[in-house]
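So you can see what is in the structure, the chains are spelled out below.
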Amino acid sequence: MSNPFSILQTSSQCAARRGELRTLHGTVQTPVFMPVGTQATVKGVTPEQVRELGAEIILGNTYHLYLRPGHELIKKFGGLHRFMNWPGPILTDSGGFQIFSLQQLAKITEEGAAFKSHLDGSALFLSPESAVAVQEALGADIMMCLDTCIPYPADYRQAKEATDLTGRWAARCRAVQGKSGQLLFGIIQGGMYADLRRQSLETLREIGFDGYAIGGLSVGEPEELMYEICEATAAEMPADQARYLMGVGTPRNLVEAVYRGVDMFDCVMPTRNARNGMLFTSRGRLVIKNARYRDDPRPPDEECGCYTCRHYSRAYLRHLFQAREIMASVLMTIHNLSYYTGLMATMRRGIEEDRFLEFYRNFNARQAEGTAADV
């Protein structure tokens, strides 16, 4: 496949870009947020609802699907798309971050990652080659290279060793990629060291990938440092290829990263926070369990037209949450995903109309006002 990414418009005011990414299961409009479907499901909503909420592409988790139910079983069912009844594009992460999160159960070597299943303790091994094979069996439209995520803080030697290993693994991933049309993205590591980030990107560009991701951010570093690394890295990434910031983040994170030239995002926050009673709104975060909402007749967000906001009050959602009703998670997930996809659509329009800077300033002002007023 030729370069699958096209830039449709750029902002004259900042680094924001409007583009589209072509995949085997459809074209994705960018900037885009990908809801996370870790276990072949976006928790709390059906695939049809996810599509109706405006999502064009979702993310599946290689590590978890490798453990349960297994990629070979999913392949027998025609791949992840048919298995979970999602007709649109799917990106699968490589499993590297999950192995990083389970450090006490994993051992990283040149060959790959030996780890114990968090489900039953069984010994397992994931190499760069098998990470690609698993993702190919799943039928992912976009696959990610196996990488070694670097903790924060990390000293320079530790970060360099991990970055070098990620580069060697990336070459092995590319070498075994099939010719099915599935895309493969390389992951830029380097910790919080600008020269290592630059070195990582240079290594990946020499190998050549269908797109590039910024990994290893939002791992505990200060937010401003995350933006600094993101901006410096994005500025040196290929201008004509997709730029993906992995595992980030809050609405403000998304806006700040689009401002700096990033195209793709994923995060569990809209769904996980919904299950924990936190709603994202045009005026900031709303924690539904707070007593002030006990008899509040307003919708979660008076500027939102989602199903939840059209039909239910804050008082009702608080009652459901306090009563531990499943419907609380469903209704709040619908709202949060609608808010995220709507935010991305608004940013796309802002770039198309070359008024992104106006949107950026208004967004930050509204969020600050809402926080001060406690929504």
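Residues numbered from 1 in each chain as written. Predicted model: local features only at pLDDT ≥ 70, side-chain atom pairs only at ≥ 80, totals over all residues. Heavy atoms only, no water.

**Student:** For the environment of Leu 138, give the residues involved together with the corresponding values.
**Tutor:** Inspection of the secondary structure puts Leu 138 in helix H6 (residues 128–138). For Leu 138, a relative accessible area of 0% gives the class buried. Measuring from C-alpha to C-alpha, the distance between Leu 138 and Phe 77 comes to 9.7 Å, with 61 residues separating the pair along the chain. Once residues within four sequence positions are removed from consideration, Leu 138 is found in contact with Thr 62, Leu 65, His 71, Ile 74, Gly 79, Leu 80 and Thr 92. (Helix = DSSP H or I, 4+ residues; strand = E, 2+ residues; numbered from the N terminus. Buried < 20%, exposed > 50% of the residue type's maximum accessible area, 1.4 Å probe, protein only. Contact = heavy atoms within 4.5 Å.)

**Student:** Which residues make up the packing of H6 against helix H7 (residues 156–176), and what values go with them?
**Tutor:** Close contact between H6 and H7 brings their axes to 8 Å; oriented N to C, the two are set at 45°. Classified by the angle their axes make, H6 and H7 are oblique. The two elements H6 and H7 cross, and the hand of that crossing is right-handed. Residue-level contacts link Pro 128, Glu 129, Val 132 and Glu 136 of H6 to Trp 169, Arg 172, Cys 173 and Val 176 of H7. Tallied by class, residues from the contact of H6 with H7 come to five nonpolar, no polar and three charged. (Axes fitted to C-alpha atoms, helices over the stretch in contact; angles between N-to-C directions. Parallel < 35°, antiparallel > 145°, perpendicular 65-115°, else oblique. Left-handed = near helix turned anticlockwise from the far one by under 90°. Nonpolar A, V, L, I, M, F, W, Y, C, P; charged D, E, K, R; others polar.)

**Student:** So what's going on with the environment of Ala 15? Residues and values would help.
**Tutor:** Mapped onto the elements, Ala 15 comes out in the loop between strand S1 (5–10) and strand S2 (17–23). You can call Ala 15 partly exposed: its relative accessible area is 37%. C-alpha of Ala 15 to C-alpha of Gly 261: the two residues are 246 residues apart in sequence and 4.6 Å apart in space. Dropping the residues within four chain positions of it, Ala 15 is found in contact with Val 258, Tyr 259, Arg 260 and Gly 261.

**Student:** Run through the side chain of Asn 253, naming residues and quoting values.
**Tutor:** Position of Asn 253 among the secondary structure elements: in helix H10 (residues 251–259). Here Tyr 227 takes part through its side chain, which lies 2.9 Å from a polar atom of the side chain of Asn 253. Dropping the residues within four chain positions of it, Asn 253 is found in contact with Glu 223, Met 226, Tyr 227 and Val 248. (Polar contact = N/O pair within 3.5 Å; in protein donor to acceptor, adjacent residues only side chain to side chain.)

**Student:** Which residues make up the sheet that holds S2, and what values do they have?
**Tutor:** The antiparallel open sheet is built from three strands, whose spatial order is S1-S2-S3. At either margin of the open sheet sits one strand with a lone partner, and together these are S1 and strand S3 (26–30). The sheet shows a mean angle of 15° between the axes of neighbouring strands, direction not considered. Sheet topology note: the S1/S2 ladder contains five bridges and is antiparallel. Counterpart to Gln 9 in the pairing with S2 is Arg 18. Contacts between helix H14 (residues 326–352) and the sheet are confined to S1, S2 and S3, with S2 contributing the most and set at about 120° to the helix. (Pairing = 2+ DSSP bridges.)

**Student:** Can you lay out helix H8 (residues 194–207) for me, pointing to particular residues and giving the numbers?
**Tutor:** One turn of the α-helix equals 3.6 residues, which is why residues spaced by three or four share an orientation. Counted at 1.5 Å a residue, the expected span for H8 with its 14 residues is 20 Å, and the 20 Å between its end C-alpha atoms agrees. The inward-facing, buried residues of H8 abut H7, strand S11 (183–188), strand S12 (211–214) and helix H9 (223–236). Immediately beyond the C-terminal end of H8, within one or two residues, lies Gly 208, with a positive phi of roughly 90°. (Expected span 1.5 Å × (residues − 1).)

Everything listed here is a matter of geometry and, on its own, says nothing about what the molecule does.
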